[in-house]
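One-letter residues, chain by chain:
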Amino acid sequence: MKSVVKSVVTCVAAWTLLGLFVLGVLTFLRIAGLPETVSGSDLTGADGTATVVECAEFGPLSARGAGYYWKCVAEVRTGVDQAPIEFEFGPDELTPADLGQQVFVDYDAHDWQRNVPHPYHFLAAIGLVAVGGLGFIGYGVGPEIILKWLVPTARRDSGAIRTPAEPESLDLPVDLKLPVPDGGDRTGSIAALGFFAVTGIGFLVVAGTMIVATARLRPDDVLTYLVALPFVLPGVGLLAVIPSARRRLRVESGASLVPARLTSRGFEQTARDGSPRRIHWSRMKRFVFVERPGDLVEVHLAIVGEKKDEDLAAAFCVRSDHGYLLTPFLRLREAERLSAVVENFKPGLTRWPTREVARGGLGLIRPTKSTVVRLKNATSGVSTEKRISASRPSLVRMTVMLLGATLLTWSLATAASGQVAMDRFVITAVVLVYLAASMYRGRRGIFVLRKDSLSWRERDHREVKVLYADIDNLVVKPAPPGNGRWYYSLDVVPSDEDEYVLVERVGAAAGRRVVDLVQPRPATPASLENHS
């Protein structure tokens, strides 16, 4: 049922965007012939005069696109001794405001026009770029995928019974072919990226011209503004995907592939001179997978200690924020399998930072949900354990966020009604977005406090459990910041061992809350239940 609904929604959205695009093309073809102004005309260079006989208004949807426009029939005189000729002028050349007046007109491109400049003719040429750009996008995405978007039944299987694929083995050794930044067809990549940029800018120019022309001629015609959306979206989209397209084109146009292996002894590669290179597992600190647009992944390797010449082949010696860049071009599926292989052999050795950024509702939904669950458990008598999310915000921040959301709603309502200036709404929105963006987005895990132990749970990781009896102290320490946010680590000081890090990236409020609940209990674990 869920897949059927998704197919129907996708189909409706695809047909809607296609319909808006067609309406947009027809609309800017109409706007391409509009005069600079519909009030007055110029005697200089005029070929005749026109006297409006009648006018008819068309819209909001017609064969000329979206929006309202006038088409008028007028008597055209080319001289004093010439008989008048009735002629139907193009959209918005003449309007009812011209009734009872003589309008100077000229004969241009086999058509009579108001004798004023017509500055939007270039839209007809740019329209071809827009249509060609849409065709290029369709070709790039693939006709089959386009058909599946437009026809839901095309998503169904043809009836053949598919046997499930055998799961890929996660055991070592694993052979790798890692694309590196050198090589590739640079000329072809530059040409393709140039086409992306020109087409994207063309879409935006079309949309901007439509908006400007509509604002000057029919400022209250909202529908004409809306049909500019199908041109804004492809324009922004084409410019936004250029970094992703650059990576993908480098891969598909022949980026160098360096063979490597993951074995039980470590990460093995072959240098350009044929000599073997290897980093032992004991020196690997972290594999970091950074997702990029276009289902491509950057793979970084952080190692312990200073790198030596014999550690990495020259292709992998590019320094990065996460250590050394192994490849910026690995496909998502291959990267996920590599991550699974590493995790299967050495749990906790991988990290996906981009998947840590997952928060909705300006950071208010998850804490609210946690509060509802906590209250529900309290009313039902469930008190055997207490859960604290690593992203738990402080009470002060939550209060400011709630007040900010209330102020944002109020300022929008008052600004829309004209009671206050719009800048108050904008300032409130900027502050609120900043507060939401600066909230914790590190490790997505949960602390679980039971009667006798503290556990750390994180998706796709093994649960880490510490007995209260083995804890001498818990310490919250500042961790290196990242992505413009401050992080903290929760360190455990055992009774008879060295201090170690339980979780390295948690929110300050979550860490302090865990310390407050656990600190009084090492000696009396049963008191946790009473405190809860």
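Residues numbered from 1 in each chain as written. Predicted model: local features only at pLDDT ≥ 70, side-chain atom pairs only at ≥ 80, totals over all residues. Heavy atoms only, no water.

Draft legend 1. Representation of the overall build of the protein chain in the model. If you tally the helices and strands in the protein chain, you get 13 helices and 23 strands. Buried positions account for 39% of the 532 residues belonging to the protein chain. (Helix = DSSP H or I, 4+ residues; strand = E, 2+ residues; numbered from the N terminus. Buried < 20%, exposed > 50% of the residue type's maximum accessible area, 1.4 Å probe, protein only.)

Draft legend 2. View of the nonpolar core. In terms of nonpolar packing, the biggest core is built from 31 residues, with Phe267, Phe287 and Phe316 touching the most fellow members. Looking at this core, the elements with two or more residues in it are strand 8 (174-183), strand 9 (255-263), strand 12 (284-292), strand 13 (296-303), strand 15 (323-331) and helix 8 (332-345). Looking at this core element by element, the count peaks at five residues for helix 8. Contacts of Phe316, omitting those with residues within four sequence positions, involve Leu178, Val180, Val258, Phe267, Gln269, Tyr324, Leu325 and Leu326. In this structure, Phe447, Tyr468, Leu474 and Val506 belong to the second largest nonpolar core, which totals 20 residues. (Core = buried A, V, L, I, M, F, W, Y, C linked by side-chain atoms within 4.5 Å. Contact = heavy atoms within 4.5 Å.)

Draft legend 3. Broad picture of the pattern of salt bridges. Overall, the coordinates contain eight salt bridges when judged by the stated rule. With its nearest N and O atoms 3.4 Å apart, the salt bridge here joins Lys71 to Glu88. Within this pair, whereas Lys71 is found in strand 4 (residues 69-77), its partner Glu88 is found in strand 5 (residues 85-88), the two being separated by 17 residues in sequence. The shortest N-O distance in the salt bridge between Lys477 and Glu499 comes to 2.7 Å. Within this pair, whereas Lys477 is found in strand 21 (residues 471-482), its partner Glu499 is found in the loop between strand 22 (485-494) and strand 23 (500-506), the two being separated by 22 residues in sequence. Taking relative accessible area as the criterion, Glu499 reaches 38% and is therefore assigned partly exposed. (Salt bridge = Lys/Arg side-chain N within 4 Å of Asp/Glu carboxyl O.)

Draft legend 4. Fine view of the sheet that holds strand 18 (residues 445-449). Strand order in this open sheet of four strands is 17-18-19-20, and the pairing throughout is antiparallel. Both outer strands of the open sheet, strand 17 (386-389) and strand 20 (464-467), are each paired with one neighbouring strand and no more. Across the sheet, the mean angle separating the axes of adjacent strands is 20° when strand polarity is ignored. Bridge count for strand 18 against strand 19 (residues 453-458) is five bridges, and the pairing is antiparallel. (Pairing = 2+ DSSP bridges. Axes fitted to C-alpha atoms, helices over the stretch in contact; angles between N-to-C directions.)

Draft legend 5. Molecular detail of helix 12 (residues 508-518). Among the 11 residues of helix 12, eight are classified as buried, and the element is accordingly described as predominantly covered. Every buried residue belonging to helix 12 is among Ala508, Ala509, Ala510, Gly511, Val514, Val515, Leu517 and Val518, and all of these are buried.

Draft legend 6. Spatial organisation of the state of the cysteines. According to the stated counting rule, one finds one disulfide in the structure shown. Across the disulfide from Cys55 sits Cys72; the S-S distance is 2.0 Å. Because the torsion about its S-S bond is 110°, the bridge between Cys55 and Cys72 counts as right-handed. On the criterion of sequence distance, the pair formed by Cys55 in strand 1 (residues 48-58) and Cys72 in strand 4 is long-range, its members being 17 residues apart. (Disulfide = S-S within 2.5 Å.)

Draft legend 7. Layout of the packing of aromatic side chains. Under the defined criterion, the tally for this structure stands at seven aromatic pairs. Residues Phe87 and Phe89 carry aromatic rings whose centres are separated by 5.6 Å and whose planes lie at 90° to one another, so their mutual orientation is edge-to-face. Residue classification places Phe87 among the partly exposed residues on the basis of a relative accessible area of 25%. (Phe/Tyr/Trp six-rings, centres within 6.5 Å; stacked < 30°, edge-to-face > 60°.)

Draft legend 8. Region of interest: the sheet that holds strand 5. Taken together, five strands build an open sheet; the order of strands is 5-4-1-6-7 and the sheet is antiparallel. Whereas interior strands pair on both sides, the edge strands pair on one side only; in this sheet they are strand 5 and strand 7 (111-114). Strand-to-strand twist of the sheet, defined as the mean angle between neighbouring strand axes without regard to direction, takes the value 45°.

Draft legend 9. Expanded view of helix 8. The end-to-end C-alpha separation of helix 8 is 20 Å, in line with the 20 Å expected for 14 residues at 1.5 Å each. Regarding helix 8, the residues found buried are Leu332, Ala335, Leu338, Ser339, Val341, Val342 and Glu343. (Expected span 1.5 Å × (residues − 1).)

Draft legend 10. Quick look at the confidence of the model for the protein chain. In the predicted model, the protein chain carries a mean pLDDT of 75, and the fraction of residues at 70 or more is 72%. For residues 156-165, every residue scores under 50 in pLDDT, and the model assigns this stretch one contact once sequence neighbours within four places are set aside. Note that pLDDT drops below 50 for residues 521-532; the model gives that stretch 22 contacts with residues more than four away or on any other chain. (pLDDT = per-residue confidence, 0-100.)

Draft legend 11. Quick peek at a nonpolar patch on the surface. A cluster of nonpolar side chains, namely Trp15, Leu18, Val22 and Leu134, defines an oily patch on the protein surface of about 340 Å² accessible area. Its location among the elements puts Leu134 in helix 2 (residues 122-141). (Patch = residues over 30% accessible without salt bridge, like charges linked within 9 Å, V, L, I, M, F, W, Y side chains within 5 Å. Areas by Shrake-Rupley, 256 points an atom, 1.4 Å probe, with all protein chains shown as cover.)

Draft legend 12. Representation of the environment of Pro60 within the structure. The topology assignment puts Pro60 in the loop between strand 1 and strand 2 (61-62). For Pro60 and Val222, which are 162 residues apart along the polypeptide, the C-alpha to C-alpha distance reads 9.8 Å.

Draft legend 13. Broad picture of unusual backbone geometry. With an omega of 5°, the peptide bond running from Gly59 to Pro60 counts as cis. The backbone of Asp92 sits at a positive phi, close to 60°, despite the residue not being glycine.

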